[in-house]
Structures are given as C-alpha cells and as structure tokens.
Amino acid sequence: VNNAMDDRKKRRRLIAGVLFTVYFAVLFYFLFFSEKMGRTYSERAYHYNLVPLKEIMRFIRYRKVLGTYAVVLNLVGNIIAFLPIYYERCRKLRYTVLYSFELSLVVEILQLVFKVGSLDVDDLILNTIGGLFGFLVYELVKQFIRKTTERKKHDD
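The sections below set out a description of the structure shown in this document. This one's a predicted model, so the numbers in the text were calculated from it and none came from an experiment. Throughout this description, residue numbers start from 1 for each chain and increase along the sequence as written. For this predicted model, a pLDDT threshold of at least 70 governs which residues receive local features, and a threshold of 80 or more governs which side-chain atom pairs are given and counted, while totals over whole chains, interfaces and linings are taken from all residues. The side-chain values count all of the structure's non-hydrogen atoms but skip hydrogen atoms and water molecules.

## Let's talk about helix α6 (residues 121–155)
Numbering of helices and strands runs from the N terminus, with a helix taken as a DSSP run of H or I at least four residues long and a strand as a DSSP run of E at least two residues long. One fewer than the residue count of a helix, multiplied by 1.5 Å, yields its expected span. With 35 residues, α6 should reach 51 Å at 1.5 Å per residue; the first-to-last C-alpha distance of 51 Å fits that figure. Here's how the labels work: a residue is buried when its accessible area is under 20% of the maximum for its type, exposed when over 50%, partly exposed in between, all with a 1.4 Å probe on protein chains only. If you check which residues of α6 are buried, you get V121, D122, D123, L124, L126, N127, T128, G130, G131, G134, F135 and E139.

This is the structure we're talking about:
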C-alpha cells in the first residue's frame, strides 16, 4: 500500500513539475518575447514606473479608451502569473510572498536591463498579491482534500 501511495505521490510531483515548467516557459515568452504584449527591444526612450499604484490607477481611469480586455489582462494577468506553488519551501505564507516578490523583482530588473516591456512597481505589487492568492488557493485545496479523505476513511 505504501509503494502505491509513493508512486502516486511521485507521479503527481512529476506532473506538477512538468506543468510548472510549461507554465514558466509560456510566462517567460510573454514577459520577454511576445510582440503582441509589446515585448520587443526598442531604441526609443524606455518607460518605467516607480510610483506605487500609478499604472493601476491609469488603467482603471482609462479603461474605456484602453478597453476592458487590456485592463483585465494587465491587472488580473499580473496576479495570475504568480499563482502556481510548486516547491515545498513556498508552502509557508512568508516564503511564498517573499519568493513571489523576489521573482517579480528579477523579471522587472531584466525588463529594465534588456529594455523589453517596462519596469513597473505596480507589477511587483500585483505579482506579490498573486503569490499570496496562490498560497491561499493551495491552502483551501489542501483543506478540501484533507476533509474529503477523512470523510472517505470515516465512511469506510
């Protein structure tokens, strides 16, 4: 019975690892190479934002001009981008928030250095919130599975 459980755990971990790798590759593409997302190198003046909530408020203020799709894509996309939790270390709230912030900071600095996209402190805020949401979703799913498993054991 233990071998079957270990095999299932290994299989789930492998699937999670593959999904995370695919997710990260797609995210990397959209952050640095997607022309549709404006991620091409430009010699023009590079834009950046160091004022918290400035771009978020701009997107909300000009939502009719920009279109709902663009606003939702920017705001929600930055949150969703940091939802996945894969590594054991990230299964504590403080580490999840810290790693989400650090990873987002690395991405923003790379965008600044390579002049692709734009460095935006609001992205740091939204990405960190995404990591926090990811942690909360993980905890809710974990509790649901635990309760379901306990119920099955009790019913048997």
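## A few points about the packing of helix α1 (residues 2–32) against helix α5 (residues 93–114)
Two numbers describe a pair of packed helices, the interaxial angle and the distance between the axes. All axes are obtained by fitting lines to C-alpha atoms, using only the stretch in contact for helices, and the reported angles, taken between N-to-C directions, cover 0 to 180 degrees. At a minimum axis separation of 11 Å, α1 and α5 run at an interaxial angle of 35°. Viewed along their axes, α1 and α5 form a crossing whose handedness is right-handed. Note on element contacts: α5 touches α1 through L103, V107, L110 and Q111, opposite F24, L31 and F32. Split into classes, the residues belonging to the contact of α1 with α5 amount to six nonpolar, one polar and no charged. Crossings are sorted by hand: turned counterclockwise from the far helix by less than a right angle, the near helix makes the crossing left-handed, and turned clockwise it makes it right-handed. Any pair of residues with heavy atoms lying within 4.5 Å of one another is described as a contacting pair. By the convention adopted, Pro, Cys, Tyr, Trp, Phe, Met, Ile, Leu, Val and Ala count as nonpolar, Lys, Arg, Asp and Glu as charged, and the other residues, Gly among them, as polar.

## Focus on a nonpolar patch on the surface
To count toward a patch, a residue needs a relative accessible area over 30% and no salt bridge; like charges are then connected within 9 Å, while nonpolar side chains (Val, Leu, Ile, Met, Phe, Trp, Tyr) are connected within 5 Å. What sets the accessible areas is the Shrake-Rupley method with a 1.4 Å probe; for residues, cover comes only from the shown protein chains. By convention in these notes, a salt bridge is any Lys or Arg side-chain nitrogen within 4 Å of a carboxyl oxygen on Asp or Glu. Where nonpolar side chains cluster on the molecular surface, the patch consists of L14, V18, V22, F24, V26, F28, Y29, F30, F33 and L103 and spans about 910 Å² of accessible area. It is α1 that contributes the most residues to the nonpolar patch, eight residues altogether. Mapped onto the secondary structure, F33 falls in the loop between α1 and β1 (48–49).

## Quick look at unusual backbone geometry
The phi dihedral of L53 is positive, around 70°, even though this residue is not glycine. Mapping L53 onto the fold places it in the loop between β1 and α2 (54–61).

## So, the packing of aromatic side chains
Each pair of aromatic rings taken from Phe, Tyr and Trp, with Trp reduced to its six-membered ring, is defined by centres within 6.5 Å and is described as stacked if the planes are under 30 degrees apart, edge-to-face if over 60, and tilted in the remaining cases. Throughout the structure, instances matching the rule amount to one aromatic pair. Here Y95 and Y99 contribute two aromatic rings whose centre-to-centre distance is 6.1 Å and whose plane-to-plane angle is 20°, an arrangement assigned as stacked. Taken together, the residues span about one helical turn, with Y95 and Y99 both in helix α5 at a distance of four residues. Among the residues examined, Y95 registers a relative accessible area of 31% and is labelled partly exposed. You can call Y99 partly exposed: its relative accessible area is 27%.

## A few points about the nonpolar core
Take the buried Ala, Val, Leu, Ile, Met, Phe, Trp, Tyr and Cys residues and link them wherever side-chain atoms come within 4.5 Å; each set so joined is a nonpolar core. Counting five residues, the largest nonpolar core consists of I56, F59, V71, L75 and L126. Of all the elements in the fold, those that place two or more residues in this core are α2 and α4 (68–80). Dropping the residues within four chain positions of it, F59 is found in contact with L66, A70, V71 and N74.

## Regarding a positive patch on the surface
On the surface, a cluster of positive charge is made up of R8, K9, R11 and R12. Of note, K9 is situated in helix α1. Counted as positive: Lys and Arg. Counted as negative: Asp and Glu. His and the chain ends are not counted at all. To locate a charge, take atom NZ for lysine, CZ for arginine, CG for aspartate or CD for glutamate.

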